[in-house]
Amino acid sequence: MHLKTTLSVLAIAAVATMAQDKAYSGAELYTNETWMYGKFEARMQMAAGSGTVSSMFLYHNDSYLGGNEPWVEVDIEILGKNPSSFQSNIITGYGPGDGQPNRKITSEKHHAINPASNQSFHTYGMEWTPDYVAWTLDGQVVRKTVKGQESGCKTENGGQQQSYCSQVQDLGKKPQGLRFNLWSHEDAGWVGAWNDNILPVYQFINWVKVYEYKPGQGDNGSDFKLQWTDDFKTFDANRWSKGDWTFDGNRVDISPNNIYAKDGMVIIALTKKGQESFNGQVPQDPEGDAMLNGSSQQSSSSEQFNPPSSSSQENNPFVSSSSSADPTSILPTRVKLLNKEIRGTVNAKGARVNPNNKANYQVDFNF
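Now for a quick tour of the structure. Since this is a predicted model, take the numbers as computed values, not measurements. (Residues numbered from 1 in each chain as written. Predicted model: local features only at pLDDT ≥ 70, side-chain atom pairs only at ≥ 80, totals over all residues. Heavy atoms only, no water.)

With respect to the overall build of the protein
Alright, step 1. Tallying secondary structure elements over the protein gives 4 helices and 20 strands in all.
Alright, step 2. Residues counted as buried form 54% of the 367 residues belonging to the protein.
Alright, step 3. Sequence separation of at least 24 residues holds for 70% of the intrachain contacts in the protein that already meet a minimum separation of 6.
Alright, step 4. In the form shown here, the protein has an accessible surface area of approximately 15,300 Å², with 46% of it arising from carbon and sulfur atoms. (Helix = DSSP H or I, 4+ residues; strand = E, 2+ residues; numbered from the N terminus. Buried < 20%, exposed > 50% of the residue type's maximum accessible area, 1.4 Å probe, protein only. Contact = heavy atoms within 4.5 Å. Areas by Shrake-Rupley, 256 points an atom, 1.4 Å probe, with all protein chains shown as cover.)

Below, the structure is given as structure tokens:
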């Protein structure tokens, strides 16, 4: 047993020493708490620049395990090549693992933003219930996916159209946490060609509101009751954690050094490695401040939905995730070897996997 363990560590180390630090640093902010249904709103000015992804999303912390562990995710993503729209998406099914192929299902659509997401603050929202998922922009529903009426579903691996999918029902298999991240995908067809002359770029979050799902008992007669609001006057480590990993398809390392709380906002940065900092001026958001203080009110409701014009495209949106506050999650672990700190075997979400099963995963190493 001792010999087997030693050989496993050496095998990991041999592969790890061939890896190199990535040249760029991004960031991910995620809640320590997870929810089964709810409403989630954030007032943000997004980052933009060809090759980047600036996002807000819900995610089941163990989705990356694959095999028989269900994938549960709802996305809002600004693809840097076009900051005048955002991509909404549901990801369900199962990721690869335990000899199983990738069986994830996606349903992407695109929605116009005016003024552009990197030029102005907007209020982004997601409503998740057993019966529907809705995406809101500045209080207006721009997409609503109703249980039993799902459309535009594709297999992520190959993009084959599905005649039927049950994504809303499948989302109900696991609770999700709220996350924000800023990174760069290597697929130019999805996010645009990369040019690091745009760096640094920043995503600014003025405030976040989380509502519990309380059918018939919510605020103002709704199904959602406000649980908490964070105005980021300080960084609440009991509520939030910062990512520290990387994953295949991502040209950056997710670094906790690229998240800052300043002047009542959280700033998420994408920078060159070694230049993790924010020395600029935080943009002002008087409308968002007024909304937070109650002098201006926006609300989202499924009754407001009018089908928007949108287009769909295939993508393969890898996103890194784990939760240090959830004792059931598997976080990246590190091994000391030759005076270097080496990340263990990880999957495409940047989370540690059993070295004996590493052949089932795309792996990446950071040291």
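Some remarks on the environment of threonine 136
Alright, step 1. In this fold, threonine 136 is placed in strand β9 (residues 132-137).
Alright, step 2. Of the residues examined, threonine 136 reaches a relative accessible area of 2% and is grouped as buried.

Focus on unusual backbone geometry
Alright, step 1. That bond from asparagine 114 to proline 115 is cis: its omega, 0 degrees, falls within 30 degrees of zero.
Alright, step 2. With respect to the element layout, proline 115 can be found in the loop between β7 (109-112) and β8 (122-128).
Alright, step 3. Even without glycine at this site, aspartate 138 takes up a positive phi of about 50 degrees.
Alright, step 4. Within the secondary structure, aspartate 138 is located in the loop between β9 and β10 (140-146).
Alright, step 5. Judged by its relative accessible area of 23%, aspartate 138 is partly exposed.
Alright, step 6. Not every positive phi belongs to a glycine, and phenylalanine 232 is a case in point at roughly 60 degrees.

Re the pairing of strand β12 (residues 177-184)
Alright, step 1. Counting buried residues along β12, 8 of its 8 residues qualify, which places the element largely inside the surrounding structure.
Alright, step 2. Every second residue of β12 is oriented toward a common face, with Gly177, Arg179, Asn181 and Trp183 on one face and Leu178, Phe180, Leu182 and Ser184 on the other, all of them buried.
Alright, step 3. Pairing analysis gives 4 bridges linking strand β1 (residues 24-31) to β12, with the strands arranged antiparallel. Bridge pairing links leucine 29 to phenylalanine 180 in β12.
Alright, step 4. Here 8 bridges tie strand β3 (residues 52-59) to β12, and the two strands are oriented antiparallel to one another. Bridge pairing in β12 places tyrosine 59 opposite glycine 177. (Pairing = 2+ DSSP bridges.)

What to know about the pattern of salt bridges
Alright, step 1. In the structure shown here, the tally under the stated rule is 10 salt bridges.
Alright, step 2. Between glutamate 287 and arginine 43 there is a salt bridge, with its nearest N and O atoms 3.7 Å apart. Of the two residues, glutamate 287 is situated in helix α4 (residues 286-293) and arginine 43 in strand β2 (residues 38-45); the sequence distance between them amounts to 244 residues.
Alright, step 3. Here arginine 43 falls in the buried class, since its relative accessible area comes to 2%.
Alright, step 4. With a shortest N-O distance of 3.8 Å, lysine 173 and aspartate 170 are connected by a salt bridge. (Salt bridge = Lys/Arg side-chain N within 4 Å of Asp/Glu carboxyl O.)

Quick notes on the packing of aromatic side chains
Alright, step 1. Under the definition given, this model contains 17 aromatic pairs.
Alright, step 2. Seen in terms of ring centroids, tyrosine 59 and tryptophan 71 are 6.0 Å apart; in terms of plane orientation they differ by 70 degrees. Their pairing is edge-to-face. Placement of tyrosine 59 in strand β3 and of tryptophan 71 in the loop between β3 and β4 (73-79) is noted, with a sequence separation of 12 residues between them. The residues tyrosine 59 and tryptophan 71 share a single accessibility class, namely buried.
Alright, step 3. For the ring pair tyrosine 202 and phenylalanine 278, a centre distance of 4.8 Å and an interplane angle of 85 degrees mean the geometry is edge-to-face. In this pair, tyrosine 202 sits in strand β13 (residues 201-213) while phenylalanine 278 sits in the loop between β18 (265-272) and α4, placing the two residues 76 residues apart along the sequence.
Alright, step 4. For phenylalanine 278, a relative accessible area of 12% translates into the label buried.
Alright, step 5. Joined through ring pairs, the aromatic side chains of Trp35, Phe40, Phe180, Trp228, Phe232 and Trp240 make up one cluster.
Alright, step 6. Just above the ring of tryptophan 71 sits the side chain of lysine 104; from NZ or CZ to the centre is 3.8 Å.
Alright, step 7. Over the ring of tryptophan 228 we find arginine 239; its NZ or CZ atom is 4.0 Å from the centre of that ring. (Phe/Tyr/Trp six-rings, centres within 6.5 Å; stacked < 30°, edge-to-face > 60°. Lys NZ or Arg CZ within 6 Å of the ring centre and 35° of its normal.)

Points about the environment of tryptophan 190
Alright, step 1. Mapped onto the elements, tryptophan 190 comes out in helix α3 (residues 188-191).
Alright, step 2. Considering only alpha carbons, one finds tryptophan 190 and glycine 80, 110 residues apart in sequence, at a separation of 9.5 Å.

A word on the side chain of glutamate 156
Alright, step 1. Within the element layout of this structure, glutamate 156 appears in the loop between β11 (154-155) and α2 (167-171).
Alright, step 2. A polar contact of 3.3 Å, which involves the side chain of glutamate 156, links it to the side chain of asparagine 102. (Polar contact = N/O pair within 3.5 Å; in protein donor to acceptor, adjacent residues only side chain to side chain.)

Points about the pairing of β18
Alright, step 1. Here β18 lies mainly inside the structure; 7 of its 8 residues are buried.
Alright, step 2. Note: β1 against β18, 2 bridges, orientation antiparallel. In the sheet register, serine 25 faces β18, and the bridge partner there is threonine 271.
Alright, step 3. Inspection of the sheet shows β13 paired to β18 by 5 bridges, in the antiparallel sense. Residue pairing across strands places valine 201 opposite leucine 270, the latter belonging to β18.
Alright, step 4. Two elements, strand β17 (residues 259-262) and β18, share 4 bridges in a ladder whose sense is antiparallel. Bridge pairing in β18 links isoleucine 259 to isoleucine 268.

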